[in-house]
Amino acid sequence: MRLSRLCVSTFIYLFIHLIRALLVYKNKEREKSSAEARCIETAFYEVMASRLCLLLLILCSLHVAQCGLRVYNVYARGIRPDPGNNNGDGYVKMSCGPASTTTNVVFNTPNPNWHEELHYSRASPGNYLELRVYDKDVIFDDLLGICATNIQKGTRKHYCNLPTGGYLYFTYTLS
Ligand SMILES: [Ca+2]
Ligand SMILES: [Ca+2]
């Protein structure tokens, strides 16, 4: 919310300066000769270019500042989706607040690595992060376990023991 207000304030600031520069240019143009007007026009465009550079820099810094929550390096070891079957077809549903994502299915392995990430720019400390591990099947997928935590600032590694066997590992960063 604070960053959004800053962004709006930045746009208002730049807009006011743009209008002011335009008015100054128009007034000067009326008063001066054509040669002088060209100089003013050049100066005007230089000022506008510098303002645009400033705007781009601010937008880039806002984008970096809003990275929020990132969940990554998600993998499992030793999952056992069916009795007597050590290989699984695992995938993970990750969610935090309104943000959610589902990984691809990694077929026929008890040790899947998932490369998908969950991003949530509005996350804050204490938010509930949940990862559900499934085994893909023909009709009904099996829920192998749920791994959940209330997120805290910084980078943290987590793992959970899955009830059907094996472990789920993941890392998250909350900035
Ligand atoms: Ca199964
Ligand atoms: Ca399966």
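About the criteria used
Residues numbered from 1 in each chain as written. Chains lettered and ligands numbered in written order. Predicted model: local features only at pLDDT ≥ 70, side-chain atom pairs only at ≥ 80, totals over all residues. Helix = DSSP H or I, 4+ residues; strand = E, 2+ residues; numbered from the N terminus. Buried ≥ 20, exposed ≤ 12 C-beta atoms within 10 Å, placed from the backbone. Contact = placed C-beta atoms within 7 Å. Core = buried A, V, L, I, M, F, W, Y, C linked by C-beta atoms within 7 Å. Pairing = 2+ DSSP bridges. Axes fitted to C-alpha atoms, helices over the stretch in contact; angles between N-to-C directions.

Under the annotation held in an unreviewed UniProt entry, the protein chain carries the name C2 domain-containing protein and is attributed to Haplochromis burtoni.

Visitor: When you look at the overall build of the protein chain in this model, what are you seeing that I'm missing?
Guide: Counting its secondary structure elements, the protein chain contains two helices and nine strands. Helices and strands appear in the protein chain in the N-to-C order α-α-β-β-β-β-β-β-β-β-β. Expressed as a percentage of its 175 residues, the buried residues of the protein chain come to 19%. Of the contacts made within the protein chain by residues no fewer than 6 positions apart, 54% connect residues no fewer than 24 positions apart.

Visitor: For this particular structure, what's the right way to read the nonpolar core?
Guide: Burial of nonpolar side chains together is a common tendency in soluble globular proteins. Core analysis: the largest hydrophobic core is formed by 26 residues, its most contacted members being Leu 69, Val 71, Val 92, Leu 131, Val 133, Leu 168 and Tyr 172. Elements supplying a minimum of two residues to this core: β1 (69-77), β2 (90-96), β5 (118-120), β6 (128-135), β7 (142-150) and β9 (167-174). The residues touching Val 133, leaving out its near neighbours within four places in the chain, are Ala 76, Ile 79, Gly 90, Val 92, Leu 144, Gly 145, Leu 162 and Leu 168.

Visitor: Any chance you could explain the sheet that holds β2 here in plain terms?
Guide: Hydrogen bonds between backbone atoms are what pair the strands of a sheet, whose relative direction is either parallel or antiparallel. Strands sit in the order β3-β2-β6-β7 across an open sheet of four strands; the sheet is antiparallel. Looking at the sheet topology across the chains shown, the edges are occupied by β3 (99-102) and β7. For this sheet, the mean angle separating the axes of adjacent strands, direction not counted, is 15°.

Visitor: Help me out: how do you make sense of the pairing of β2 in this one?
Guide: On a regular strand, each side chain points to the face opposite its neighbour's, so the side chains alternate between the two faces of the sheet. Summarising burial for β2: five of the seven residues are buried, a large majority. Bridging between β2 and β6 involves seven bridges; their strand directions are antiparallel. Bridge pairing links Ser 95 to Glu 130 in β6. The sheet contact formed by β2 and β3 spans four bridges and is antiparallel. Each residue of the ladder has a partner; that of Met 94, found in β3, is Thr 101. Taking the residues that link successive antiparallel strands as the turn, the β2-β3 hairpin has two residues, and the phi of Gly 97 there is positive, at about 60°.

Visitor: What exactly am I supposed to notice about unusual backbone geometry here?
Guide: Keep in mind that most residues, glycine aside, have a negative phi and that most peptide bonds are trans. Phi is positive for Asn 73, which is not a glycine, with a value near 50°. Mapped onto the elements, Asn 73 comes out in strand β1. One non-glycine residue, Asn 108, lies in positive phi territory at about 60°. Assignment of secondary structure puts Asn 108 in the loop between β3 and β4 (113-114). The exposed category is assigned to Asn 108, around which 10 C-beta atoms lie within 10 Å.

Visitor: How should I be thinking about the environment of Tyr 167 in this particular structure?
Guide: With respect to the secondary-structure elements, Tyr 167 resides in strand β9. In this structure Tyr 167 comes out as partly exposed when scored by C-beta crowding, with 16 C-beta atoms within 10 Å. C-alpha separation for the pair Tyr 167 and Cys 147, spaced 20 residues apart in sequence, amounts to 9.7 Å. Those residues in contact with Tyr 167, other than ones at most four positions away along the chain, are Ala 76, Arg 77, Gly 78, Tyr 159, Cys 160, Asn 161 and Leu 162.

Visitor: What should I look at first to understand the pairing of strand β8 (residues 154-161) in this one?
Guide: Among the eight residues in β8, zero count as buried, and that is only a small part of the element. Taken together, the eight bridges between β8 and β9 define a ladder with antiparallel strand orientation. Each residue of the ladder has a partner; that of Thr 155, found in β9, is Thr 173. A loop of five residues connects β8 with β9, the two strands running antiparallel in sequence, and Gly 165 in this loop sits at a positive phi of about 125°.

Visitor: Even after reading the chapter, I still don't get the environment of Pro 112, so can you show me in this structure?
Guide: Within the secondary structure, Pro 112 sits in the loop between β3 and β4. For Pro 112, a count of 25 C-beta atoms within 10 Å corresponds to the buried category. C-alpha separation for the pair Pro 112 and Tyr 75, spaced 37 residues apart in sequence, amounts to 5.7 Å. Among residues more than four places away in sequence, those in contact with Pro 112 are Tyr 75, Ala 76, Gly 90 and Val 106.

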